[in-house]
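# Reading the structure
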Amino acid sequence: MAGKQKRKLEDLSVDEFLLSGAFDSAGEGESEEETPKQNGLKKKKKDLKSATFKIDEQKKGKASEHKDQLSRLKNKDPEFYKFLQQNDQTLLNFDDTDSSDDEDEKKYHRLPSALEEAISDDENDNDEGQKAAKKSKKGMETIKVTDKMIADWKAALKKEPTPRLFRDVTQAFKAAVASTKGEGGDQCRYKVADSSVFNALVLFCIRDIYVALQRMLNLKPEKEQKKIVLPSSSPKWQKNQIDIKMYLSGVVQLLSCLTEATVISAVLRHANQLVPYYLCLPKQCRHLIKQLLKQWSTGEETSRVLAFLALNKLCRQKQETYLNSVFKQMYISYVQNCKFTSPNVLPMINFMQRTLTEMYSLDTQATYQHAFIYIRQLAIHLRNAMTMKKKETYQSVYNWQYVHCLYLWCRVLSTLHPSDVLHPLIYPLCQVIIGTIKLVPTSRYYPLRMHCCRALTLLSSSTNTFVPVLPFLVEIFQQVDFNKKPGRMSKKPINFAVILKLSKVNLMEKAYKDGLIDQLYDLILEYFHTQASSIGFPELALPTIIQLKAFLKECKVANYCKPVRQLLEKVQENSSHITGRRQKAAFGVADATAVVAWEKQIQEEGTPLSRYYSQWKKLREKEIQLEISGKERMEDLDLPEIKRKKIQDKKLEDKKEFKDLFQSDSEDEDDAGLQIKGKKGRQGPDDDDEDDLEDLSDMSDDEGMEGGDSDDDDEEEEEEDEKASNAPQPLSSSALIKLAEGGEDLVEDLELSDDD
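Residue numbers restart at each chain and count upward from 1, following the sequence in its written direction. In view of the model being predicted, local features appear only for residues whose pLDDT reaches at least 70, and side-chain atom pairs are presented and counted only at 80 or more, with totals across whole chains, interfaces and linings using the full set of residues. In computing side-chain properties, one takes all heavy atoms of the structure into account and sets aside hydrogens as well as water.

## Some points on the overall build of the protein
Elements are defined by DSSP. Helices are runs of H or I of four residues or more, strands are runs of E of two residues or more, and each kind is numbered from the N terminus. A tally of regular secondary structure across the protein gives 36 helices and two strands. Split into buried and exposed, the 756 residues of the protein put 38% on the buried side. Taking all contacts inside the protein whose residues are at least 6 apart in sequence as the whole, residues at least 24 apart take part in 71%. The method behind every accessible area is Shrake-Rupley, applied with a 1.4 Å probe, and residues are considered shielded solely by the protein chains displayed. Split by element, the accessible area of the protein, about 46,400 Å² in all, is 50% carbon and sulfur. Type-normalised accessible area, obtained with a 1.4 Å probe on protein chains alone, sets the label of each residue: buried when under 20%, exposed when over 50%, and partly exposed for intermediate values. Residue contacts follow a heavy-atom distance rule, with two residues in contact if any of their heavy atoms lie within 4.5 Å.

## A few points about the packing of aromatic side chains
Describing an aromatic ring pair means giving the distance of the ring centres and the angle of the ring planes. Note on ring pairs: Phe, Tyr and Trp rings are taken, using the six-membered ring of Trp, and paired if centres are within 6.5 Å. Classes follow the plane angle, with under 30 degrees stacked, over 60 edge-to-face and the rest tilted. Taken as a whole and judged by the stated rule, the model has 18 aromatic pairs. Here Trp237 and Tyr277 contribute two aromatic rings whose centre-to-centre distance is 6.5 Å and whose plane-to-plane angle is 35 degrees, an arrangement assigned as tilted. Of this pair, Trp237 sits in helix H12 (residues 237-257) while Tyr277 sits in helix H14 (residues 275-279); the two residues are 40 residues apart in sequence, bridging distant segments of the chain. The exposure class assigned to Tyr277 is buried, which follows from its relative accessible area of 0%. Ring geometry for Phe482 versus Phe551: centroids 5.4 Å apart, planes at 85 degrees, classification edge-to-face. Of this pair, Phe482 sits in the loop between helix H24 (470-479) and helix H25 (504-507) while Phe551 sits in helix H27 (residues 537-554), and the two are 69 residues apart along the sequence. Given the relative accessible area of 3%, Phe482 is considered buried. One aromatic cluster is present, built from ring pairs that chain together Phe327, Tyr331, Tyr360, Tyr374 and Trp409.

## Here's the deal with the nonpolar core
To form a nonpolar core, buried Ala, Val, Leu, Ile, Met, Phe, Trp, Tyr and Cys residues must be joined to one another through side-chain atoms within 4.5 Å. Formed by 167 residues in total, the largest nonpolar core has its most connected members in Tyr277, Trp409 and Leu516. It is helix H11 (residues 195-216) that provides the largest number of residues to this core, a total of twelve residues. The residues touching Trp409, leaving out its near neighbours within four places in the chain, are Tyr331, Tyr360, His370, Ala371, Tyr374, Ile375, Leu378 and Leu429. Formed by five residues, the second largest nonpolar core is a distinct cluster that contains Leu73, Phe80, Tyr81 and Phe83.

## Concerning the pattern of salt bridges
Take a side-chain nitrogen of Lys or Arg and a carboxyl oxygen of Asp or Glu: if they are within 4 Å of each other, that pair is a salt bridge. Scanning all chains against the criterion turns up nine salt bridges. Where Arg167 meets Asp243, a salt bridge forms, and the shortest distance between an N and an O atom there is 3.3 Å. Of this pair, Arg167 sits in helix H10 (residues 163-180) while Asp243 sits in helix H12, and the two are 76 residues apart along the sequence. Given a relative accessible area of 6%, Asp243 falls into the buried group. Two residues, Glu539 and Arg582, come together in a salt bridge whose shortest N-O distance is 3.1 Å. Pair noted here: Glu539 is in helix H27 and Arg582 is in helix H28 (residues 558-583), with a separation of 43 residues, a long-range link. Overall, the relative accessible area of 26% leaves Arg582 in the partly exposed class.

## Observations regarding H12
Here, expected helix span is obtained from the residue count minus one, scaled by 1.5 Å. With 21 residues, H12 should reach 30 Å at 1.5 Å per residue; the first-to-last C-alpha distance of 29 Å fits that figure. Taken as a whole, H12 has its buried residues at Trp237, Asn240, Asp243, Ile244, Tyr247, Leu248, Gly250, Val251, Val252, Leu254 and Leu255. The elements touched by buried residues of H12 are H10, H11, helix H13 (261-273), H14 and helix H15 (282-298).

## Digging into the confidence of the model for the protein
Detailed reading of the predicted coordinates is not advisable wherever pLDDT is low. In predicted models, pLDDT denotes the confidence assigned by the predictor to each residue on a 0 to 100 scale. Model confidence for the protein is summarised by a mean pLDDT of 75, while 65% of its residues fall at 70 or above. Confidence over residues 115-123 falls short of pLDDT 50; this stretch has three contacts with residues more than four positions distant or in other chains.

## Describing unusual backbone geometry
Geometrically, the link from His417 to Pro418 is a cis peptide bond, its omega value of 0 degrees lying close to zero. Among the structural elements, Pro418 can be located in the loop between helix H21 (400-415) and helix H22 (426-439). The residue Asn218 is not glycine, and still its phi comes out positive at about 60 degrees. If you trace the backbone, Asn218 turns up in the loop between H11 and H12. The class for Asn218 is exposed, based on a relative accessible area of 57%. Positive phi outside glycine occurs at Asn464, with the angle close to 55 degrees. With respect to the secondary-structure elements, Asn464 resides in the loop between helix H23 (446-463) and H24. What makes Asn464 exposed here is its relative accessible area of 68%.

## A closer look at the environment of Tyr402
Inspection of the secondary structure assignment puts Tyr402 in helix H21. Measuring from C-alpha to C-alpha, the distance between Tyr402 and Thr436 comes to 9.7 Å, with 34 residues separating the pair along the chain. Once residues lying within four places of it in the same chain are set aside, the contact partners of Tyr402 are Leu378, Ala379, His381, Leu382, Ser396, Val397, Val432 and Thr436.

## Thoughts on the side chain of Asp522
Of note, Asp522 is situated in helix H26 (residues 510-530). By relative accessible area, Asp522 is classed as buried at 9%. Sequence-distant contacts of Asp522, that is, excluding residues within four places in its chain, are made with Trp616 and Arg620.

Here is the structure:
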């Protein structure tokens, strides 16, 4: 029987073996007590069910093969087949329907029985790092870093840097960075507990690690390299990659924790050296860019410059990887920093404009995409304000962020000119700026108009594009009545550079008209200077000359007529100069090449207006510097307070002391004082006071607001107090007593009273 069974096993295939060949032969018949033969048949049945279940679960198109194997079982093992017929017909009647199920499974997606939790790459790296650290640190004690250890590391790195030595320094640096975040450094091999040790370790890494890395990887110093060589090209990179990655991550973490400007600048210089290493590690490079953008937008002046240099260096090497994201983040940071404008913030805004323009010059194709999107966004805000005409939509346009964005794109297009890619954006940008001027053309928004005209002048002069700026400036001469006397005097001039809107109080001040004349003089002169060598200057200047002459006829204020007359003379002089040179020309107007050559020659020779403008510009810059320095000097001075002695308190003390001697006089004085107080209390408010209250009620929180007339009233009261104190005072009661006794100290009392 065993031989027969062995022969059967040799003839069966693998699937047939799973069904029948692996079992002992089964007998026939049944009995109440299970025989070994019955046990074997049941075991065969159990294995057959498991095999059928496996095939049903796998569903790989093997159902038909399984059915054929069952049919062959009748001939090869009749005893087992008969046992199945008597006990379990379902196994023999196997249904061949799994092929359609297989097709359905391919056609339709089946949900998994359990969902897995999503884990980012950073978390995976952290989890793996933590597990590896825990395994490696189980049998290792933390080592406290000392000054002697740092000195030894420094000396060893100078002699010959090795991977093991660099690993020790890197782990100590990691422990130092962990201590800045309040972490105990339990996962670190080293521990930095002393502040002096921390400073020494960070200083050592900033100064010496870069040189040691270059020597260890057999790379030339950066000064000797014509182009940036990536450290990943070194054959020793793979061996030291993990330690370098740890160190670069520590530098970024340290940069995010620091608050001292000088230390941040030192770390930024070190990060600038390590830019080639960051370029080899994308994850660490993204973290570095995030910190550099933060320092560029919010740091101190030196930190901003160093952060920009590092960003520029990164984007030059990997433009396709980081340039678009850096453009977007820098523009968003610029808009966030332009929300408020003051004399202290203006230099920072100008710096961000210049550096952002430098970044946009790296790739004009990418710059066009960003500029098109953001200029279109500005145009949409303007269109909504023009159609809806609501306060909220006006505020979305008339704010500092909108104005600074307009000026930024004017600077970008002006700096990158000539550029065939960016040239189509000049016209829509000019239309948006002109629409901004026309949105609310009232006198309260003259400062905003000045900013827009200055941006258009910059764009026109740099791109050789004619933009009609003069009509918006000359219009102010007609809208403002300069002959009308100001309603109030102001203490200080209005700074048009840091305001967009004037308050009602500002419009009544003398400083408003004085500043307006100065601004008009500057802007008209700047625009004419950009067109001074143009062959069409006489025709361009003619409407303005007519308007200025009309203003001089109507205006009766000498202080306003003097600068306007001077401007008119310079414009007329330049116009006559261009006319004289133009009459000598031997070419026609249609000859564009000859016109360009003629204008270039005139520009090189110089015109009367250009020579005057250069002198005026130098004097203007000196004047601005003197104003700034004078303001700083006044702020630094600690002026002493002058305390005046109160004479009335002394009188009251004398009255109490000699009440019996001067009873009648004191009663008269008290009655007189009561009468004076009563008269004053019955007096109503003057007309001037009512006007002042109305002015104060109309005042808003706009820029450049001044106080009400209450300051003038206080000054008048102080003058009256000074007059009263300087007036001759009657002798005090103590002086009368001394005079009655002999008058020895009377002279001293009189001198004191004079001083008071």
